[in-house]
Amino acid sequence: MTKRYRKILTCMISFIMLFSLLAAYPTMAISARAASDPGSINNKKACWISFLDIEVLLQDKNEKDFRDKVSAMYDNVIQYGMNTVIVHVRALGDAMYPSDYYPWAEYFTTDRRDPGYDPLQIMLDLAHQKDLQFEAWINPYRLSRDSKSTLSFKATPYYEQFRPFSIEYKTSSGQTCLVLDPSKQETQDLIANGVKEIVDRYDVDGIHFDDYFYVDGMADKVDTATRKANVNALVSQVYKTIKSINPDCTFGISPAGNPDSARSQGADIDTWLSTPGYIDYIMPQVYWTDVYVTKKGTERMFTNRCSAWAKINKLDLPLYVGLALYRAGEKSKSDLGWATSDNNLAYQYLTAIQFGYDGYSLFRYQWLEKDIAAAELNNLKIY
């Protein structure tokens, strides 16, 4: 019997007890409590701490203020029943730690100068002191996100160094962006060396990639098969690099929640979930509710997408769901659930469990501090 079916059987009793509550969705809050085992890979309850959170909450702080704020953030994560933080340590061709390969992250230190302490080491140590798992989150290819950050990166000596294997492109909104060219071996080696640097120097519990592979405008003439082959070469190299240093360090990827979109961006999810040697877990970003309006009527978008991911997981790898905390209370013309219920996340987590998922991650930290998300968070916690 596979892990997925054992998990489904284990959850069946609680599902039956909660079924009447779920039938009342989206107006009724779930009020049962699940058992917690913070050390289990099959019980990940994570929060993404994005560079967007870091830029607002942690930028340009002295060491004491940085420690105090990170400690308070972790206490907030723990308060809502989570056991893992996934922290953006490299978002834009940069590093939130002293690196041999990348400049200091502007979102952490605005002048890109060494702050006089190692923020990654402090965040890692504080996490472990509080019994939180810590995963280092990396955007592998992205060097900038808009025209302003492009100019900032070009002002560093790394621009000329990376230029032979990078791409400059325009977004649909007219912004100029930079990205490493996935087709180049120099790109793969740079990223793998950056990962090696982290796993060598820091006792991180995992390395985490998100969904930024081939984005619109970057290399639109490159066909899907070639995109997948280029990304696969990187993913395989990174996996081998991590395991050669620390076999216990996990490597997971969080692709776009629509499987077809993920594939078109170069994420070869079918290979990753059927062939060993690529990833240790998958975490699709399923950022829709089950009250999604289309031309054909209301669609159970969350449930349908969750089901699709479970079906392609041929290796029965740990499967986690990315949940859109940032959409709590959002008024959308198409995705009506966010505005009509404060029980979306709890319902979604329970739904995912029934498909054999092993946990979740919330995007993103700042919404833990926003009143509009409090009811959603509390309902999720009590389940």
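Residues numbered from 1 in each chain as written. Predicted model: local features only at pLDDT ≥ 70, side-chain atom pairs only at ≥ 80, totals over all residues. Heavy atoms only, no water.

## Digging into the overall build of the chain
A tally of helices and strands in the chain yields 14 helices and twelve strands. In the chain, which comprises 383 residues, the share counted as buried stands at 58%. Long-range pairs, those at least 24 residues apart, make up 75% of the contacts in the chain with a sequence separation of at least 6. Summed over all atoms, the accessible surface of the chain reaches about 15,800 Å², with 51% contributed by carbon and sulfur. (Helix = DSSP H or I, 4+ residues; strand = E, 2+ residues; numbered from the N terminus. Buried < 20%, exposed > 50% of the residue type's maximum accessible area, 1.4 Å probe, protein only. Contact = heavy atoms within 4.5 Å. Areas by Shrake-Rupley, 256 points an atom, 1.4 Å probe, with all protein chains shown as cover.)

## Overview of the nonpolar core
Grouped together as the largest cluster of nonpolar side chains are 122 residues, with contacts concentrated most on Tyr 74, Phe 134, Ile 207, Phe 251, Trp 272 and Ile 279. Once you skip the residues sitting within four places of it in the chain, Phe 134 turns out to touch Tyr 74, Val 85, Val 87, Leu 120, Met 123, Leu 124, Ala 127, His 128, Val 204, Asp 205 and Gly 206. (Core = buried A, V, L, I, M, F, W, Y, C linked by side-chain atoms within 4.5 Å.)

## Notes on the sheet that holds strand β11 (residues 320-323)
Taking strand neighbours across the sheet as the criterion, the eight strands line up as β8-β7-β6-β3-β2-β1-β12-β11 in an open arrangement whose pairing is parallel. Either end of the sheet is taken by a strand with one partner, and the two such strands are β8 (281-282) and β11. Looking at chain direction, strand β1 (residues 44-49) and strand β12 (residues 359-362) are connected through four bridges and run parallel. Each residue of the ladder has a partner; that of Cys 47, found in β12, is Leu 362. The strands touched by helix α3 (residues 63-79) within the sheet are β1, β2 (84-90) and β3 (133-138), with β2 carrying the most contacts at an inclination of about 140°. (Pairing = 2+ DSSP bridges. Axes fitted to C-alpha atoms, helices over the stretch in contact; angles between N-to-C directions.)

## Brief notes about helix α8 (residues 224-245)
Here α8 contains 22 residues, and its C-alpha end-to-end distance of 32 Å stays within 8% of the 32 Å for a straight helix at 1.5 Å per residue. At the N-terminal end of α8, a side-chain oxygen is found 3.1 Å from the backbone nitrogen of Ala 225, two or three residues along, and the residue is Asp 223. (Expected span 1.5 Å × (residues − 1). Polar contact = N/O pair within 3.5 Å; in protein donor to acceptor, adjacent residues only side chain to side chain.)

## Quick notes on the pattern of salt bridges
Under the definition given, this model contains 20 salt bridges. Asp 68 is the salt-bridge partner of Lys 64, the closest N and O atoms lying 2.8 Å from each other. Linking Lys 64 with Asp 68, this pair stays in helix α3, spanning four residues, or about one helical turn. Across the pair Glu 197 and Arg 201 runs a salt bridge whose closest N-O atoms are separated by 3.4 Å. With Glu 197 and Arg 201 both in helix α7 (residues 185-201) and four residues apart, this pair spans about one turn of that helix. For Glu 197, a relative accessible area of 5% translates into the label buried. Take Arg 201: its relative accessible area is 41%, and that puts it in the partly exposed class. Through salt bridges with shared partners, one network takes in Asp 100, Glu 197 and Arg 201. (Salt bridge = Lys/Arg side-chain N within 4 Å of Asp/Glu carboxyl O.)

## Topic: unusual backbone geometry
In this structure, Arg 364 follows Phe 363 across a cis peptide bond, with omega equal to 0°. Topologically, Arg 364 is positioned in the loop between β12 and α14 (374-382). Despite not being glycine, Arg 112 has its phi angle at roughly 60°, a positive value. Take Arg 112: it is sitting in the loop between β2 and α4 (119-129). Despite not being glycine, Asp 131 shows a phi value in the positive range, around 60°. Considering the arrangement of structural elements, one finds Asp 131 in the loop between α4 and β3.

## What to know about the pairing of β12
Of the two faces of β12, the one carrying Gly 359 and Ser 361 and the one carrying Tyr 360 and Leu 362 are both buried. Where β11 meets β12, four bridges bridge the pair, whose relative direction is parallel. Directly across from Val 321, in β12, lies its bridge partner Tyr 360.

## Quick look at the packing of α3 against α4
Helix-helix packing: each pair is described by the crossing angle between the helix axes and the interaxial distance. Interaxial distance between α3 and α4 falls to 10 Å at its minimum, and their mutual angle equals 40°. Taken together, the axis directions place α3 and α4 in an arrangement best described as oblique. Of the two possible hands of crossing, α3 and α4 adopt the one that is right-handed. Taking contact as the criterion, the partners of Glu 63, Phe 66, Arg 67, Val 70, Ser 71 and Tyr 74 in α3 are, on α4, Pro 119, Ile 122, Met 123, Leu 126 and Ala 127. Of the residues contributing to the contact of α3 with α4, the split by class is eight nonpolar, one polar and two charged. (Parallel < 35°, antiparallel > 145°, perpendicular 65-115°, else oblique. Left-handed = near helix turned anticlockwise from the far one by under 90°. Nonpolar A, V, L, I, M, F, W, Y, C, P; charged D, E, K, R; others polar.)

## A word on the packing of aromatic side chains
Per the counting criterion, the structure on display carries 20 aromatic pairs. Positioned above the aromatic ring of Tyr 281, the side-chain terminus of Lys 44 is 5.0 Å from the ring centre. The ring centre of Trp 367 lies 4.9 Å from the NZ or CZ of Lys 370, which sits over that ring. (Phe/Tyr/Trp six-rings, centres within 6.5 Å; stacked < 30°, edge-to-face > 60°. Lys NZ or Arg CZ within 6 Å of the ring centre and 35° of its normal.)

## Here's the deal with the confidence of the model for the chain
A residue-level look at the chain finds 89% of positions with pLDDT of 70 or above and a mean pLDDT of 91. The low-confidence segment residues 5-39 (pLDDT under 50) makes 60 contacts with residues lying over four places distant or belonging to another chain. (pLDDT = per-residue confidence, 0-100.)

## A short note on the packing of helix α13 (residues 344-354) against α14
Relative orientation of the contacting elements α13 and α14 amounts to 35°, with a least axis distance of 7 Å. The residues of α14 that touch α13, namely those facing Asn 344, Leu 345, Ala 346 and Tyr 349, are Glu 376, Asn 379 and Leu 380. Considered class by class, the residues forming the contact of α13 with α14 number four nonpolar, two polar and one charged.

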